[in-house]
Amino acid sequence: MPFLKIDQVSKAFIGGARPVQALQAVSFEVVAGEFVSLLGPSGSGKSTLLRIIGGLLAPDTGAVLLEGTPLIAPHPEIGFVFQTTNLMPWRTILQNVLLPLEIQGKLDENATQTARDLLALVGLTGFEDAYPKQLSGGMRQRVVLARTLIHRPQLLLMDEPFGALDALTRERLNLELLRIQQIQTKTVIMVTHSIPEAVFLADRVLIFGERPGRVVAELAIDLPRPRHLAQMGSAHFGQLTMQVRQHIDELASMVENKTLDY
Ligand SMILES: Nc1ncnc2c1ncn2[C@@H]1O[C@H](COP(=O)(O)OP(=O)(O)O)[C@@H](O)[C@H]1O
Ligand SMILES: [Mg+2]
């Protein structure tokens, strides 16, 4: 049984001026421990799909199965990291990481130690009592990651989590994300707009096309693990990013041809 199965998921938004088929019959499977990157143009339904997998939105048809069980609501095994960091400015870093447990009434000494351990894991030892505004963007995104990991999710959904960060910070966080994934053997699905980032992180890259949003191509990334930044300079890495780019260019030319037909 696959860890996660996306089975013929379709979703339309019909309330607006023009109905949008955000997703059309999207199907794929993810094995436990796999890192899957989602790439595609804006509006191809990547965020919609992540929200459906996260149980924040219901599909019109089709289903998402986590270890065989249909997901119909937010699930404790699934953690979500968005691009914007929604930390509470009046709470310290430690208090922010503890917030999910506090809401569930599970705040105890153990919880505090777990939060401290997670802050150490994301490289923020010494910042427990700082406030969000005292931290850089990259540090704030680490706090969000620690807060998400406090639930011990088996599946991490990340929607352009590092999109707002500078390139160097982003590279460092990518490496840390892979390290955390190794330690906690988490399954990750991450949306990104960066082809090199998608390839560097993933076991598999899924490429989305728009109108309707669907998976148009899939590429297995066979770079050895653990990954290190020097691999990005290898010929093989170059070939893989080139292949992804070709798929995306094909898509773009299809869209252009369609425009000419009108
Ligand atoms: N809540 C919503 N109401 C109406 N349309 C939406 C809503 N969410 C997304 N859409 C539309 O669905 C399509 C896919 O959006 P989205 O999943 O955000 O794409 P992506 O994340 O790939 O950029 C877009 O055309 C978008 O405008
Ligand atoms: Mg999006």
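Note that the structure is predicted; figures quoted are calculated from it, not measured. (Residues numbered from 1 in each chain as written. Chains lettered and ligands numbered in written order. Predicted model: local features only at pLDDT ≥ 70, side-chain atom pairs only at ≥ 80, totals over all residues. Heavy atoms only, no water.)

(A) Local environment of the site of ligand 1. Every residue close to ligand 1 is listed here: Phe13, Val20, Ala22, Pro41, Ser42, Gly43, Ser44, Gly45, Lys46, Ser47 and Thr48. Taking Gly45, its main chain carries an N or O atom lying 3.1 Å from an oxygen atom of ligand 1. At 2.8 Å, a side-chain N or O of Ser47 approaches an oxygen atom of ligand 1. Broken down by secondary-structure element, the contributors of at least two residues to the shell around ligand 1 are strand S2 (20-30) and helix H1 (46-53). Broken down by element, the residue count for the shell around ligand 1 peaks at three residues, all from H1. Of the residues that constitute the shell around ligand 1, the class distribution is four nonpolar, six polar and one charged. (Near = heavy atom within 4 Å. Polar contact = N/O pair within 3.5 Å; in protein donor to acceptor, adjacent residues only side chain to side chain. Helix = DSSP H or I, 4+ residues; strand = E, 2+ residues; numbered from the N terminus. Nonpolar A, V, L, I, M, F, W, Y, C, P; charged D, E, K, R; others polar.)

(B) Quick look at the sheet that holds strand S3 (residues 35-39). Ordered by their spatial adjacency, six strands build an open sheet running S6-S7-S8-S3-S9-S10, and the pairing between neighbours is mixed. Strands at the two margins of the open sheet, each flanked by one partner only, are strand S6 (78-81) and strand S10 (214-220). Adjacent strand axes in the sheet meet at a mean angle of 20 degrees, parallel and antiparallel pairs treated alike. Relative to the sheet, H1 contacts S3, S6, strand S7 (155-159), strand S8 (187-191) and strand S9 (204-209), its axis offset from that of S7 by approximately 150 degrees. Where helix H4 (residues 137-149) meets the sheet, its contacts fall on S6 and S7, and the angle it forms with S6 comes to roughly 165 degrees. (Pairing = 2+ DSSP bridges. Axes fitted to C-alpha atoms, helices over the stretch in contact; angles between N-to-C directions. Contact = heavy atoms within 4.5 Å.)

(C) Broad picture of the domain arrangement of the protein chain. When cut into domains, the protein chain gives domain 1 (1-77 + 154-229) and domain 2 (84-152). Computed from C-alpha atoms alone, the centre-to-centre distance between domain 1 and domain 2 is 24 Å. Contacts between domain 1 and domain 2 engage 18 residues on the former and 12 residues on the latter. Where domain 1 abuts domain 2, roughly 1100 Å² becomes buried across the two surfaces, and 62% of that area is made up of carbon and sulfur atoms. If you look at where domain 1 meets domain 2, you find one salt bridge. With its nearest N and O atoms 3.1 Å apart, the salt bridge here joins Glu176 to Arg142. At the boundary of domain 1 and domain 2, one finds three residue pairs in polar contact (both at pLDDT 80 or more). Elements with a minimum of two residues in the side of domain 1 that touches domain 2: S7 and helix H5 (167-184). (Domains from an automatic or database assignment. Buried area = accessible area lost by both parts, 1.4 Å probe. Salt bridge = Lys/Arg side-chain N within 4 Å of Asp/Glu carboxyl O.)

(D) Geometry of the pairing of S6. Residues Ile78 and Phe80 line one face of S6 and the alternating positions Gly79 and Val81 line the opposite face, and both faces are buried. Looking at chain direction, S6 and S7 are connected through four bridges and run parallel. Across the sheet, Gly79 pairs through a bridge with Leu156, a residue of S7. (Buried < 20%, exposed > 50% of the residue type's maximum accessible area, 1.4 Å probe, protein only.)

(E) Up close: the sheet that holds strand S1 (residues 4-13). Here four strands make up an open sheet; going across it, the order is S2-S1-S4-S5 and the pairing antiparallel. Each edge of the sheet is formed by a strand with only one pairing partner; in this case those strands are S2 and strand S5 (69-70). Relative to S2, S1 is paired through seven bridges, and the arrangement is antiparallel. Bridge pairing in S2 places Leu4 opposite Val30. Those strands touched by H1 are S1, S2 and strand S4 (61-66), and its axis lies near 120 degrees from that of S1.

(F) Highlighting the side chain of Glu197. Topologically, Glu197 is positioned in helix H6 (residues 195-201). Residue classification places Glu197 among the buried positions, given a relative accessible area of 5%. Polar contacts involving the side chain of Glu197 include one to the side chain of Arg170, which spans 2.8 Å. In contact with Glu197, other than residues within four places in its own chain, are Phe162, Arg170, Asn174, Met190 and Thr192.

(G) The nonpolar core, seen in detail. Judged by nonpolar contacts, the single largest core of 51 residues is most densely connected at Leu145, Met158 and Val199. Looking at which element gives the most residues to this core, the answer is H4, with six residues. Here this core spans two domains, and each of domain 1 (1-77 + 154-229) and domain 2 (84-152) adds at least three residues to it. Excluding residues within four positions of it along the chain, Leu145 makes contact with Val81, Val122, Leu156, Met158, Leu177 and Ile180. Grouped together as the second largest cluster of nonpolar side chains are 26 residues, Phe28, Leu50, Val64 and Leu155 included. (Core = buried A, V, L, I, M, F, W, Y, C linked by side-chain atoms within 4.5 Å.)

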